[in-house]
Amino acid sequence: MKKDYLKFIICLLIIFQSGLACGQQQELQDERVERVPSTIKEEGEFELESLELKRRPADRFDFGDESSGYLTIKAWEALGKKDWPAVLAYTQKCIELHKDEAKKQQDSLSAFPPQDKQSAFEVLNNVGTCYFIQAEALMRQEKLEDARWAFQFIIDNFKYAQCWDPRGWFWKVAEVSHESIDKINKLIRGEKIAEEEVKPKRPASKLVLFDPGSETIVDYAKYGKFENVGTKDYHYVITDQAALARATGEGIYPNTSSVRKNPGYIALKGSERLKGEHWDFLYTDDMQANFYKWNMATEPQGVKQFYIALVLERAGLIAQAIKAYYAIVVHFPKAYGWTYWHTPWYIGPVAVHKINYLTRRNPQLGMKLIGAKIKVENSFDNDIRNDIFICTPGKLVQAEADELIPKREDLSKLKIVQRIGGKRIQLVKYENGHWQLLVEGKPFPVRAVTYTSTKVGQSPDEGTLGNWMKEDFNENGKIDGPYDAWVDKNKNNTQDKDEPAVGDFQLMKEMGINSIRVYHHPPKVSKKLLSDLYKNYGIMTIMGDFLGAYTIGTKKLDENGNPISDSGASWYDGTDYSNPQHKKNMLASVRKMVNDFKDEPWVLFWLLGNENNYGVANNAKKNPRAYYEFVNQAAQLVHELDPTRPVALCNGDVLFLDILAKACPEVDIFGANAYRGKEGFGNLWGDVKEQIQKAVLITEYGCGAYYEGKSQELAEDGQAEYHQGSWEDIKYNMAGYGAGNSLGGIIFEWLDEWWKAYEPARHDWKGQFYGPFPDGFMHEEWLGILGQGDGSQSPFLRKLRKSYHTYQKLWQ
Amino acid sequence: MKKNLPYFIVIAALIFLIIGVLSSGKKTPQAMAPDEKPIELTQVSEQGPAIELTQRKQEAGLTLEQTEGVSSVEKIFNIFTDKSAPDNHYAASGWMGDFGDININEQYMQNPHSGTTSIQITYSAKETQGAGWGGIYWQNPPNNWGERRGGFDLTGYNKLVFWARGENGDEVVEKFKVGGIKGTYPDSVEIEMGPVTLGKEWQKYTINLVGQDLSYVSGGFSWVTSSRLNPNGATFYFDDIRYEYESGLEMELTLAEGMPFDVYIDRTSASNHFIASGWMGDYGDLKIDEGWTADPYSGTTCIRIVYSGVASQGARWAGIFWQHPPNNWGQARGKGYDLSAAKKLTFWARGEKGGERVEEFKMGGISGDYPDSDVAGIGPVALTPEWKQYTIDLAGKDLSHIIGGFCFATNVDVNPDGAVFYLDDIRYE
């Protein structure tokens, strides 16, 4: 009898949650959806043993302004705490209030809306997410049948709902629901949920060119005229297209014919291997199909040429790839594409840097690009209409191997013309405009890492993130990550006798790291720990304040009635940089940071913000001028409180660099989180030099050690290659080299964090957004240069990836 | 508008020339005039009682024959010979599009090609049903759109022939078709030809069916035309529509087209060879008027494109391919043109205000099983408010098979408030 009663309640709950009647026809749904909640309300309280659901009086819940955004955030938090009554209360409130609007929005769509229109579908996204949270709650309670049914409801009814991830991307709720259903089906069948199999999307094939062209370095002057070089009116006019096509060969503009005569293509034409979108071929190993698909793709010519070049590069046909990249510089220097965030991607400058990278890394080719420069004026906003391209195509020439390595200028012969900071930590500018950071009079190239040792299963989204500076899960009196971490040499996920605790601090020291990045907001920073890091391991700390980003901090008030370290804004309202109270709160937070830590010898310099200009939970993107003026105000305050150290800003790449240049004279170091690919950072150094003449620090860069369809070993190769290329670019723009404004970089990050994509206890492999990574996607949970194995020994186990050893060599 | 000499005049002249040559006893292929299409002089049969010498001229895939001597035809399967003829096998029952615009008289007595009657079609172009086009299928059984069995097995026949003429001699039929009925019992074949400008006198047309699967054909014959091609309507006649088997008939090869070769000259120009059917990206953002009369570059009309830039389908870009045949994304076998003689593609364009940006103008590049043989383009182009000619260099390109004759693409990022622009005189030279 009790069992039947429970079944009935489960059914009610599902109806309540999903709006569908168990096993009933569609026409019954609405009636039941409307009726069931009121039934529950009449009861006041209901109990569901297996789900441990207990309804609490409504006044025990904080519904805030009852907006769908607020309720969804609260629901996530409740899910993390496994507070099932709260999950039910917040999700159901959201669904009750906003379901109709969500349905309207869903019905208005025939495809996923573009990113810049997502705000118009916020209610759909939040209601869809609330249903998802309910389904997730059921799954976590191992109510598999019900969870499966609830996930299916989302797929059937809210398939265009997307969930905004605070790290900056959307994920598709229905897509993840599908994955959950697959997983549930396996569990129901009693199958083990194994790690994803490494399966290539397409079988590998070797690309053999039918017509490589008659010239390795094409003499463009023979086939056309370079007009208005070095101006915005640059143009290469082809005078003999047929001859140029013969010289360039297959796949390189203007040769569009040879590939169609390639016997390989003729054999594959119409076959299954060429079925599908060209984008889906891009990072596969079927090089033949990839090359043919991209040659046939109907993309703008510059975009198409870039990806043909990339295919050639991936296929190991480097000389032809260089030729293809150079064809962009000659013919399409003004080409553009768009990043995942719909910021412009300037293909011409990227092609120049690709060529520089490839010629440097392949000295056997004996070629280099000289004199090429594509400058994009007005490029620091999202409007490509105002862009002006100043193009100098330069020339590909033959070169000896020793000409390919950048030469360093002797700094000792140069005068220092500017000094920022105190005697101990000083930022100096040489007469040639180059910048260098000195600590105790010695050059200090910033070899930093973002450090945290998050235990698998914890997640800030669910309010379960602990404080790594204090956690001592093995209760041995030592902080876990810093001192108890051990290297799983044989990768068996067990601590063997020859795998003693060594600690991250020691591992960092052995790698060559000299600083870490930390923000002072709660959880509380341990001075003792960071002091030990400095004294015993020689590693300093870059101390930061988020400056209202993500509204991170605490609402707890200090003795003056101000939030301890926060803008005071709620997540869904976001920090407003023109709001006097928010600004006052943030300045108080900055003041607290400096006062708390300025006397600590281990603080290297101060860092403000974390890519706030992307506008996540703040209005910096909408009102950049207000934001950067406030940054300047904050930097000025830091200088007043601590004139002994420089102040850095952490920007999202170079977006709004022109505004920043005018608004932020008090900022000493321009920091940028930049993920531009294995070749490094392209025009970033030159852009900053031209706009603000300040020192530059790459405040985040990195690449996941995951490569879809490839083994872990190959994935680590890809990650290591990315880091090596990035660091070489950082190095070759330090004082004495190149732009001379690079101070160093902060690797993102030390250790994989498993909460970033989806399930905190699972090492999700799925890419979050597309970008210039080995398999074309960012894998946020794999960014660590150290891994956590299968997660069972977290937070202690460390797997040293190849990039760790790469840095050891680079930093020797 | 700089109109070409209509093809039928060229054809007639060539036929006259050939007949003259033949009558003088010479049987060698004729040399081409520089700007004219090649002529195929074919000895059709070596087995018949007499030699049939046929001069063939391809017009949009349809063969117009001028026959001399006795046919070598060995088998005949009639669709229509005379009203009430006992061996008519299909009925003119499948009315399509603006059916209110169509009248048919199947026992028209005046001037039949043979026998006592021919079929008279009157197409008013009033767009009664708002479709802008109309046509008729000859079906078996009548009104069968594939839901019933009843197709004939025509295996063993290798061409469809019919005779046609226009009332005035300038009527344009957009396409003729064999098969193509879908449904539960679909036809085994679908092949179409056109557009065709009819002459005033009876002319024989042939659709080559060599290599086609004719095992099940319920749509024996159809024609379609449009108000775009016949703005004032059209009256035309058919007679002696039948399937035949001709021994020795070979699969048709595409012949290189002569230059210039028009994509678009004027709305009603029969020399337009491609149709603006390939809408891409945010197709909901686009409107096209191919008969815009205000300030064309030449002639009476130009093309007006209105791009709203609202990203209706979420793609953020949009474009149109001018295709042959319409909607051919590379799936149509044996279609398209051989434009090997072309050295460049030129067109005229202007923006409503100036500054409208078109990211790419191009030709070719459609993939699929029967793709374009090459691609070439220019862009981005910022349009001026005055007409300006643009040229796409085709030197060194393989133009042997072109199905996407012209294309433009633009996007919302460069035209956030949309764009209005005009095109005219798109032509291969």
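With that out of the way, let us pick up the overall build of chain A. Secondary structure assignment for chain A yields 23 helices and 29 strands. Within chain A, buried positions represent 50% of all 812 residues.

Right, let's talk about the interface of chain B and chain A for a bit. In this assembly, 22 residues from chain B lie in contact with 18 residues from chain A. With three residues, the top contributor of residues to the side of chain B that touches chain A is strand β25 (residues 375–378) of chain B. When the residues that make up the side of chain B that touches chain A are grouped by side-chain class, the tally is six nonpolar, seven polar and nine charged.

Moving on: the sheet that holds strand β18 (residues 275–281) of chain B. All names here are of chain B. Strand order in the open sheet formed by five strands is β18-β21-β28-β24-β25, with antiparallel pairing between adjacent strands. At either end of the open sheet lies a strand with only one pairing partner, and these are β18 and β25. For this sheet, the mean angle separating the axes of adjacent strands, direction not counted, is 20°. Bridge count for strand β21 (residues 317–323) against strand β28 (residues 404–411) is seven bridges, and the pairing is antiparallel. Within β28, the residue paired with Ile-320 across the bridge is Phe-408.

Residues and elements named next belong to chain A. By the assigned domains, chain A splits into domain 1 (2–188), domain 2 (220–403) and domain 3 (445–810). Each side of the interface is counted separately: domain 1 has 14 residues, and domain 3 has 15 residues. Sort the elements by how many residues they give to the side of domain 1 that touches domain 3 and helix α3 (residues 68–80) lands first, with seven residues. Looking at side-chain class alone, the side of domain 1 that touches domain 3 contains seven nonpolar, four polar and three charged residues.

Scored by pLDDT, chain A comes out at a mean of 88, with 89% of its residues at no less than 70. This stretch, residues 1–55 of chain A, has a pLDDT under 50; its non-local contacts, to residues over four places away or in other chains, come to 60 contacts.

The next subject is the nonpolar core. Residues and elements named next belong to chain A. The biggest cluster of nonpolar side chains holds 101 residues, and the ones touching the most others in it are Val-449, Trp-606, Leu-608, Val-631, Ala-634 and Ala-648. At seven residues, helix α19 (residues 624–641) tops the list of elements feeding residues into this core. Excluding anything up to four places from it in sequence, Trp-606 contacts Met-543, Val-594, Val-638, Arg-645, Val-647 and Ala-648. Ranked by size, the runner-up nonpolar core spans 58 residues in total, among them Val-259, Tyr-307, Leu-317 and Ala-324.

With that out of the way, let us pick up the sheet that holds strand β13 (residues 416–421) of chain A. Residues and elements named next belong to chain A. As summarised here, the arrangement of the four strands in space is β13-β14-β15-β16, forming an open sheet in which the pairing is antiparallel. Lying at the two open borders of the sheet, with one neighbouring strand each, are β13 and β16 (442–443). In this structure, strand β14 (residues 425–430) lies alongside strand β15 (residues 435–439), joined through five bridges in antiparallel fashion. Bridge pairing links Val-428 to Gln-436 in β15.

Residue and element names in this part refer to chain B. Within the fold, Leu-214 resides in the loop between β14 (203–208) and β15 (219–226). Leu-214 gets classed as buried once you count the C-beta atoms within 10 Å, which come to 23. Along the chain, Leu-214 and Gly-156 lie 58 residues apart, while their C-alpha atoms are 8.1 Å from each other.

What follows is about helix α16 (residues 504–511) of chain A. Residue and element names in this part refer to chain A. Along α16, the residues that are buried comprise Asp-504, Phe-505, Leu-507, Met-508 and Met-511. The buried residues of α16 occupy one face: seen down the axis, they fall within an arc of 160°. Buried residues along α16 sit against β17 (446–450), α15 (480–484), α17 (527–537), β29 (797–800) and α23 (802–810). Immediately downstream of α16, the backbone of Gly-512 shows phi near 110°, a positive value.

So, on to the environment of Phe-236 of chain B. Looking at where Phe-236 of chain B falls in the secondary structure, it is placed in strand β16 (residues 234–246). Here the alpha-carbon distance between Phe-236 of chain B and Val-173 of chain B, two residues 63 residues apart in the chain, equals 9.2 Å.

Attention now moves to the packing of helix α11 (residues 287–296) of chain A against helix α12 (residues 301–314) of chain A. Residue and element names in this part refer to chain A. Packing of α11 against α12 brings their axes to within 9 Å, and their N-to-C directions diverge by 165°. Relative to α12, α11 is oriented roughly antiparallel. The interaxial crossing formed by α11 with α12 has left-handed handedness. Across the interface between the two elements, Met-287, Asn-290, Phe-291, Trp-294 and Asn-295 of α11 pack against Lys-304, Tyr-307, Ile-308, Val-311 and Arg-314 of α12. Here the residues of the contact of α11 with α12 are counted per class, giving six nonpolar, two polar and two charged.

What counts, and at which threshold
- Residues numbered from 1 in each chain as written.
- Chains lettered and ligands numbered in written order.
- Predicted model: local features only at pLDDT ≥ 70, side-chain atom pairs only at ≥ 80, totals over all residues.
- Helix = DSSP H or I, 4+ residues; strand = E, 2+ residues; numbered from the N terminus.
- Buried ≥ 20, exposed ≤ 12 C-beta atoms within 10 Å, placed from the backbone.
- Contact = placed C-beta atoms within 7 Å.
- Nonpolar A, V, L, I, M, F, W, Y, C, P; charged D, E, K, R; others polar.
- Pairing = 2+ DSSP bridges.
- Axes fitted to C-alpha atoms, helices over the stretch in contact; angles between N-to-C directions.
- Domains from an automatic or database assignment.
- pLDDT = per-residue confidence, 0-100.
- Core = buried A, V, L, I, M, F, W, Y, C linked by C-beta atoms within 7 Å.
- Arc of directions from axis to C-beta.
- Parallel < 35°, antiparallel > 145°, perpendicular 65-115°, else oblique.
- Left-handed = near helix turned anticlockwise from the far one by under 90°.

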